Amino acid sequence: MTDARSAARGPFDIKRVMAALPHRYPMLLVDRVEELVPDERIAAIKAVTINEDFFNGHFPGRPIMPGVLIVEALAQAAGVLAVESLGLAGSGKLVYFMAIDGAKFRQPVEPGVLLRLEVEFVQKRTSVCKFAGRALVDGNLAAEANFTAMIADPPAA
């Protein structure tokens, strides 16, 4: 039997994503959450459009999404998962990268695709979480990485 806390949630629109993450344009890289199972996993979407600023220089004539931004998108999806799972929405807590391991890029991500971000908890604690993430285009693996993040108070003003 599944309790209400671990039942799948979603979809979340951009307003709900923005309530969970402090990121804003041009660094907000999660457009929608398709499904979130608290304490387990998330599936989110980044709509990759030619209007992204980074395509101006990466690369003219052959635009591809930078790998570091794909990993950042995975980390942001993990941030939504952590905030929702740990009940941190509205708390002001931030999710900070601590480590990235085993990042691999399998195929270029080009404008005009929906990048599916699948992230699952590997380890979850109150202040440090480990994740495994995969980015897919049309069901094909584009990138993958394992990463660690810490939950922290925002910097003092």
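Within each chain, residue numbers correspond to sequence positions counted from 1 in written order. This being a predicted model, a pLDDT of at least 70 is required before a residue's local features are given, and a value of 80 or more before pairs of side-chain atoms are given or counted; all residues contribute to the totals for chains, interfaces and linings. Based on all heavy atoms of the structure, the side-chain values leave hydrogens and waters out of the count.

Colleague: Break down the overall build of the protein chain for me, citing the residues and quoting the values.
Modeller: Within the protein chain, the secondary structure is distributed over 2 helices and 6 strands. In sequence order, the secondary structure elements of the protein chain are arranged as α-β-β-α-β-β-β-β. Against the 2.2 N^0.38 benchmark of 15 Å for 157 residues, the protein chain shows a C-alpha radius of gyration of 15 Å, consistent with a compact globule. Overall, the protein chain is about 50 × 45 × 30 Å in size when its C-alpha atoms are taken along their principal axes. By sequence separation, contacts in the protein chain at least 24 residues apart represent 64% of the contacts at least 6 residues apart. Comment: elements are numbered from the N terminus, with helices defined as DSSP H or I runs of at least four residues and strands as E runs of at least two. Radius of gyration: C-alpha atoms only; globule rule: 2.2 Å multiplied by the number of residues to the exponent 0.38. Contacts between residues were defined by any pair of non-hydrogen atoms, one from each residue, lying within 4.5 Å.

Colleague: Kindly report on the nonpolar core, identifying the contributing residues and their values.
Modeller: Nonpolar core, defined: a set of buried Ala, Val, Leu, Ile, Met, Phe, Trp, Tyr and Cys residues in which side-chain atoms within 4.5 Å join the residues together. A simple rule labels every residue: compare its accessible area, found with a 1.4 Å probe on the protein chains alone, to the largest value its type can have, and call it buried under 20%, exposed over 50%, or partly exposed in between. Judged by nonpolar contacts, the single largest core of 43 residues is most densely connected at Met65, Val109, Leu115, Leu117 and Phe131. Elements represented by at least two residues in this core include exactly α1 (14–20), β1 (32–37), β2 (41–48), α2 (67–85), β4 (113–124), β5 (128–137) and β6 (140–152). No other element matches the 11 residues that α2 contributes to this core. When neighbours within four sequence positions are excluded, Leu117 is seen to be in contact with Leu29, Val30, Ile42, Ala43, Ala44, Lys46, Ala73, Leu74, Ala77, Arg134 and Ala135.

Colleague: Residue-level account of the sheet that holds β5, with values.
Modeller: The strand order across the open sheet built from 6 strands is β1-β2-β4-β5-β6-β3, with neighbouring strands paired in antiparallel fashion. Each end of this open sheet is capped by a strand with a single partner; those strands are β1 and β3 (94–105). Pairwise comparison of adjacent strand axes, ignoring direction, gives a mean angle of 20° for this sheet. Of the strand pairs in this sheet, β2 and β4 are connected by 8 bridges, and their pairing is antiparallel. Here, a strand pair is defined by DSSP locating no fewer than two bridges between the strands. Fitted lines through C-alpha atoms give the axes, limited to the stretch in contact for helices. The angle between two N-to-C directions lies from 0 to 180 degrees.

Colleague: Any chance you could break down α2 for me, citing the residues and the numbers?
Modeller: Here the expected span of a helix is defined as 1.5 Å times the quantity of residues minus one. Over its 19 residues, α2 extends 27 Å from the first C-alpha to the last, a length consistent with the 27 Å expected when each residue adds 1.5 Å. The element α2 is largely enclosed, with a buried count of 17 among its 19 residues. Positioned one or two residues after α2, Gly87 has a phi angle of 65°, which is positive.

Colleague: Lay out the packing of aromatic side chains in plain terms, naming residues and giving numbers.
Modeller: Put simply, two rings from Phe, Tyr or Trp (the six-membered ring, in Trp's case) pair if the centres are within 6.5 Å, and we call them stacked under 30 degrees between planes, edge-to-face over 60, tilted for the rest. Inspection of every chain in the model, using the stated rule, returns 4 aromatic pairs. Note on Phe97 and Phe147: the rings are 6.0 Å apart at their centroids and 85° apart in plane angle, and the pair reads as edge-to-face. With a gap of 50 residues between them, Phe97 in strand β3 and Phe147 in strand β6 connect regions that are remote in the sequence. Through pairs of rings, three or more aromatic residues link up here, namely Phe97, Phe121, Phe131 and Phe147.

Colleague: How would you summarise the environment of Gly90 if you had to cite specific residues and measurements?
Modeller: Looking at the secondary structure, you find Gly90 in the loop between α2 and β3. Judged by relative accessible area, Gly90 falls into the exposed class, the value being 78%.

Colleague: Account for the pattern of salt bridges, with residues named and values stated.
Modeller: Between Lys or Arg on one side and Asp or Glu on the other, a salt bridge is scored when a side-chain nitrogen of the former is within 4 Å of a carboxyl oxygen of the latter. Taken as a whole and assessed by the stated rule, the structure comprises 12 salt bridges. As a salt-bridge pair, Glu34 and Arg32 come within 2.8 Å of each other at their nearest N and O atoms.

Colleague: Pulling in residues and values, what's your account of unusual backbone geometry?
Modeller: Cis geometry marks the peptide bond from Tyr25 to Pro26, where omega comes out at 5°. Structurally, Pro26 is set in the loop between α1 and β1. Backbone torsion omega between His58 and Phe59 reads -10°, so that peptide bond is classified as cis. Here Phe59 lies in the loop between β2 and α2. Of note, Asp39 is a non-glycine position whose phi angle comes to about 70°, a positive value. Its place among the elements puts Asp39 in the loop between β1 and β2. Its relative accessible area of 28% is what places Asp39 among the partly exposed residues. Despite not being glycine, Asp138 shows a phi value in the positive range, around 50°. The topology assignment puts Asp138 in the loop between β5 and β6. According to the relative accessible area criterion, Asp138 is exposed, its value standing at 74%.

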